[in-house]
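A closer look at the structure
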Amino acid sequence: MKQSEFKKRRKQLMQSVGKGNIALIGSASMHTRNRDVDFPFRQDSDFYYLTGFNEPDALAVFIPGREKGEYILFCREFDEKKALWEGAHSGLEGATAHYEADDSFPIDDLDDILPGLLENKTKVFYPMGHDLELDNSLLEWINHIRSQSRSGVVAPAELVCLDVILHEMRLFKSAAELKLMRRAAEVSANAHVKAMQVCKAGMYEYQIEAEMIYHFIQNGLRAVAYPSIVAGGKNACTLHYTENASKLKSGDLLLIDAGAECDHYAADITRTFPISGRFSEPQKQLYQLVLDAQAAALEQIKPGVPWNMAHEASVETITKGLVSLGLLKGKLKKLIKDEKYKLFYMHRIGHWLGMDVHDVGNYKIDQEWRLLEAGMVLTVEPGLYIPADCKSVDEKWRGIGIRIEDDILVTAQGYEVLTSSVPKEIAEIEALMQAI
Ligand code: GLY
Ligand code: MN
Ligand code: MN
């Protein structure tokens, strides 16, 4: 992503923060995996969104109207030994030269410099409660300024949660963001197609997972957006199953929920298909119902429609279908009111998607479901999960878990499916799987 994109975001943030105020945001930290080994570093999404700076031990400060520069980056100083062992890091000069900070200081000098920057500011915007160390440091810096009030300096009087303005910005995707999301979607979609092509009874779930990750990395996307779910048979009824260790059985379905990340932007796709390449009759009936529920939900995706409508449409289709297949008994209205469908469809229709797989942004405004607007990206992912021990339904349905999930961009006219290249119609899936 170009620096100009980050600059545009900082400008927008500065306008919301306003003159006389200050905003702070810290980077993610390294975390130990075991002894001398760290987990792979993943930058904090909010921090990256504003800076494009991909190192730990950094703090960005935004001071609208500051004459000596509005954007200050605290980071690690360049260290030759560190560069030799761990590779490039930008240092103070890189922070200004490559990342366009107006000023940069060593992160080790934070306690000396930050109180001076906070002096005489009215409000401090920061990600409240997100990083205990920053929370505590901020209170210490403010107390330090207070202790000097006799010299005339004034400590900030208001702490404001930065999330409110920042997450509203992140909810609307720019052209540059959509380019990365399309790439994440395309590579992830192709990996799902590959999984359908290689899947055979007798393989292990982790072998299918390996196939997908191989495809992600071959295409330059080295991180998964979330742990992949590869769930054969009744494992699919565990919503966040990630053991991926069972042997695939002919006659079962395989549910795969997997997506790659492209330069910090996620894809989130689920497909469910028969391990043998052919759906059984009961599998077909439940699968078609989930597909119909997704179509009903998608019909509600356009600007001006409340977010909740897609969920309600999926609930109605699923409840109706469960009655006609005999899994639920009773009157449609009452079953919906009593939420009887939740025995088999216990999650909501989807979530915002962006830098985080469950992305930021409010779902309600003033306690009302917010209206969809062009530029928002969300998932639409109805599912049906019939517990293996569910005595209230015929045996033929038990242990079947199905979810179909696509990534959807709200457009001025309606919507665009970013992940449409993975088949999901029954005939399409069977044809693809027979073709090998
Ligand atoms: N992959 C997590 C989800 O679908 O929400
Ligand atoms: Mn999802
Ligand atoms: Mn998913």
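As shown above, the structure is provided for reference.
Right, let's walk through the structure included here. Just so we're clear, the structure is a prediction, and the values are computed from it rather than from any experiment. (Residues numbered from 1 in each chain as written. Chains lettered and ligands numbered in written order. Predicted model: local features only at pLDDT ≥ 70, side-chain atom pairs only at ≥ 80, totals over all residues. Heavy atoms only, no water.)

1. Let's talk about the overall build of the protein chain
Each helix and strand in the protein chain was counted, giving 13 helices and 21 strands. Seen along its three principal axes, the alpha-carbon backbone of the protein chain occupies a region of about 80 × 50 × 40 Å. Expressed as a percentage of the 436 residues in the protein chain, the buried residues total 52%. Of the roughly 20800 Å² that the protein chain leaves accessible, carbon and sulfur atoms contribute 50%. (Helix = DSSP H or I, 4+ residues; strand = E, 2+ residues; numbered from the N terminus. Buried < 20%, exposed > 50% of the residue type's maximum accessible area, 1.4 Å probe, protein only. Areas by Shrake-Rupley, 256 points an atom, 1.4 Å probe, with all protein chains shown as cover.)

2. Let's talk about the coordination of the manganese ion (ligand 2)
Reference values for coordination geometry: four tetrahedral donors around a metal ideally subtend 109.5 degrees, six octahedral donors ideally subtend 90 or 180 degrees. Listed as protein donors to the manganese ion (ligand 2) are D268 (OD), H351 (NE2), E381 (OE) and E405 (OE); their distances from the metal cover 2.0 to 2.2 Å. Counting the intervening residues between successive donors of the manganese ion (ligand 2) yields the motif D-x82-H-x29-E-x23-E. In this structure, the manganese ion (ligand 2) is positioned 3.3 Å from the manganese ion (ligand 3), and both are ligated by D268. Of this pair, H351 sits in the loop between α12 (332–337) and β15 (364–365) while E405 sits in the loop between β19 (401–403) and β20 (406–410), and the two are 54 residues apart along the sequence. An identical accessibility class is assigned to H351 and E405; each is buried. (Donors = N, O, S within 2.8 Å, 3.2 Å for Na, K, Ca; no water.)

3. Quick notes on the coordination of the manganese ion (ligand 3)
Around the manganese ion (ligand 3), the protein contributes the donor atoms D257 (OD), D257 (OD), D268 (OD) and E405 (OE), at 2.0 to 2.3 Å from the metal centre. The coordination sphere of the manganese ion (ligand 3) comprises six donor atoms, whose angles at the metal cover 57 to 169°; the geometry is irregular. Mapped onto the sequence, the donors of the manganese ion (ligand 3) take the spacing D-x10-D-x136-E. (Tetrahedral: all angles 85-135°; square planar, octahedral: opposite > 155°, others 65-115°.)

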